[in-house]
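Residues per chain are reported as follows:
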Amino acid sequence: MIAPGRILLVDDEAEFISALSERMETRGFKVDAAASGKQALKMADTTNYDAVLLDLAMPEMDGLEVLRQLRAFS
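A quick note: this is a predicted structure, and the numbers were derived from the prediction, not measured.

About the thresholds
Residues numbered from 1 in each chain as written. Predicted model: local features only at pLDDT ≥ 70, side-chain atom pairs only at ≥ 80, totals over all residues. Heavy atoms only, no water. Core = buried A, V, L, I, M, F, W, Y, C linked by side-chain atoms within 4.5 Å. Buried < 20%, exposed > 50% of the residue type's maximum accessible area, 1.4 Å probe, protein only. Helix = DSSP H or I, 4+ residues; strand = E, 2+ residues; numbered from the N terminus. Contact = heavy atoms within 4.5 Å. Arc of directions from axis to C-beta. Polar contact = N/O pair within 3.5 Å; in protein donor to acceptor, adjacent residues only side chain to side chain. Patch = residues over 30% accessible without salt bridge, like charges linked within 9 Å, V, L, I, M, F, W, Y side chains within 5 Å. Areas by Shrake-Rupley, 256 points an atom, 1.4 Å probe, with all protein chains shown as cover. Salt bridge = Lys/Arg side-chain N within 4 Å of Asp/Glu carboxyl O. Axes fitted to C-alpha atoms, helices over the stretch in contact; angles between N-to-C directions. Parallel < 35°, antiparallel > 145°, perpendicular 65-115°, else oblique. Nonpolar A, V, L, I, M, F, W, Y, C, P; charged D, E, K, R; others polar.

Observations regarding the nonpolar core
- Within the largest apolar cluster, 12 residues are counted, these being Leu8, Val10, Ala34, Ala40, Leu41, Met43, Ala44, Tyr49, Met58, Met61, Val66 and Leu70.
- Residue assignment for this core shows that the elements contributing at least two residues are strand E1 (6-10), helix H2 (37-46) and helix H3 (63-73).
- If we skip the residues at most four places from it in the chain, Val10 touches Ile17, Ala34, Ser36, Gly37, Ala40, Val52, Leu53, Leu54, Asp55 and Met58.
- Listed in part, the 5 residues of the second largest apolar core include Ile7, Leu9, Ile17 and Val31.

Topic: H3
- Taken together, the buried positions of H3 are occupied by Gly63, Val66 and Leu70. Axial view of H3: buried residues confined to an arc of 55 degrees, hence all on one face. Projecting away from the buried face of H3 at angles above 90 degrees are the exposed residues Arg68, Arg71 and Ala72.
- Where H3 is buried, its residues contact H2 and strand E3 (51-54).
- Capping the start of H3 is the job of one residue whose side-chain oxygen sits 3.1 Å from the backbone nitrogen of Leu64: Asp62.

Re a nonpolar patch on the surface
- A cluster of nonpolar side chains, namely Leu56, Leu64 and Leu67, defines an oily patch on the protein surface of about 280 Å² accessible area.
- Turning to its location among the elements, Leu67 is positioned in helix H3.

A look at the packing of H2 against H3
- Following both chains from N to C, one finds H2 and H3 inclined at 10 degrees, their axes separated by 10 Å at the closest point. Classed by the angle they form, the pair H2 and H3 counts as roughly parallel. Contacts from Gly37, Leu41, Ala44 and Asp45 of H2 reach H3 at Val66, Gln69, Leu70 and Phe73.
- Split by residue class, the contact of H2 with H3 holds 5 nonpolar, 2 polar and 1 charged.

In structure tokens form, the structure reads like this:
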């Protein structure tokens, strides 16, 4: 069996992040949460993630821009 991976959740809605993090953690995933694109990029600069779940509509920096910048890390 493959061990669950490390996931980064990025969303500006705190209640959504809290609920989804809790559900994923109960299934064995290691979850980090970011409330903004800028915060997510800082976290991804120091931690390797197996998957990133992004909200597309966020203030300051939308999910597509975050994805573009995350891909540049590879």
